[in-house]
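If you want the building blocks of each chain, they are given just below.
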Amino acid sequence: MSDADAGPRLRRPTPTRMPRGRRWCDTPGCRVGPVEWAQLPTAPVARRSLRRPDVEEPARIAALLSDRTRAGILALLAAGPTPVCELAETLEERPNNVSTHLARLREAGLVRAARHPSDSRWIYYERDEAACAAALISLATLLGAQPAPAAPAPVVPGPGEPAR
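> With reference to specific residues and values, describe the overall build of the protein chain.
Across its full length, the protein chain holds five helices and five strands. Mapped from its N terminus to its C terminus, the protein chain presents α and β elements in the order β-β-α-α-β-α-α-β-β-α. Out of the 164 residues in the protein chain, the part that is buried amounts to 20%. Looking at the protein chain alone, contacts between residues at least 24 apart form 38% of all its contacts between residues at least 6 apart. A total accessible area of about 13,000 Å² is found for the protein chain, and carbon and sulfur atoms account for 56% of it.

So, in structure tokens, the structure goes:
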């Protein structure tokens, strides 16, 4: 690029033409006008105690759940084991797309699959509640929030015990 293409050169003003408290940019080739030094942001003081946070797991979970279909699958599986055809019909998606999303959730460990005991052609998918709770804790830790406490398991009276 030649000097002719760069446009007119700005002359550095003499100190007599520059108001007090203002300076011209000192960088060679800089075409910025006068700078008010009091208006420039100051550099923050470096804090040496900061460590790089480990956000690999929460970022992976957040990316996995950012898809509307995968989030819907996890929400539907909260009701119990469900086959692909029911998930696809409820979500108004094609079964092959639902199967692909279920494969991603299985790889992450949030969903597990089991064949129907009497008809092995049917595969039922269910949430892995322990893995989902761990994912929730991971995201809550990243966001600085405390996850809601899990509801206590219902107490089933044993034989001979009065109902509560």
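> Before we move on, can you summarise the pairing of strand E5 (residues 123-127) with the specific residues and values?
Where a strand is regular, its side chains alternate between the two sheet faces. Inspection of the sheet shows strand E3 (residues 82-83) paired to E5 by two bridges, in the antiparallel sense. Pairing of Thr82 across the sheet is with Tyr125, part of E5. As defined by bridge partners, strand E4 (residues 111-115) adjoins E5 across five bridges and the pair is classed as antiparallel. What sits directly across from Val111, in E5, is Arg127.

> How would you explain the sheet that holds E5 if you had to name every residue and give the values?
Pairing in this open sheet of three strands is antiparallel, and the strands run E3-E5-E4 from one edge to the other. Every other strand in the sheet has two partners, leaving E3 and E4 as the edge strands with one partner each. Where helix H4 (residues 95-108) meets the sheet, it contacts E4 and E5, and its direction lies at approximately 110 degrees from that of E4.

> So, the side chain of Thr82: which residues are in play, and what are the values?
Summarising the element assignment, Thr82 is placed in strand E3. A relative accessible area of 11% means that Thr82 is categorised as buried. At 3.0 Å, the side chain of Thr82 forms a polar contact with the backbone oxygen of Gly80. Apart from the residues within four sequence positions on either side, Thr82 is in contact with Leu76, Leu77, Leu87, Ile123, Tyr124 and Tyr125.

> Explain the side chain of His101 to me, and be specific about the residues and the numbers.
Looking at the secondary structure, you find His101 in helix H4. If we skip the residues at most four places from it in the chain, His101 touches Asp67, Thr69, Arg70 and Ile73.

Conventions we followed
Residues numbered from 1 in each chain as written. Predicted model: local features only at pLDDT ≥ 70, side-chain atom pairs only at ≥ 80, totals over all residues. Heavy atoms only, no water. Helix = DSSP H or I, 4+ residues; strand = E, 2+ residues; numbered from the N terminus. Buried < 20%, exposed > 50% of the residue type's maximum accessible area, 1.4 Å probe, protein only. Contact = heavy atoms within 4.5 Å. Areas by Shrake-Rupley, 256 points an atom, 1.4 Å probe, with all protein chains shown as cover. Pairing = 2+ DSSP bridges. Axes fitted to C-alpha atoms, helices over the stretch in contact; angles between N-to-C directions. Polar contact = N/O pair within 3.5 Å; in protein donor to acceptor, adjacent residues only side chain to side chain.

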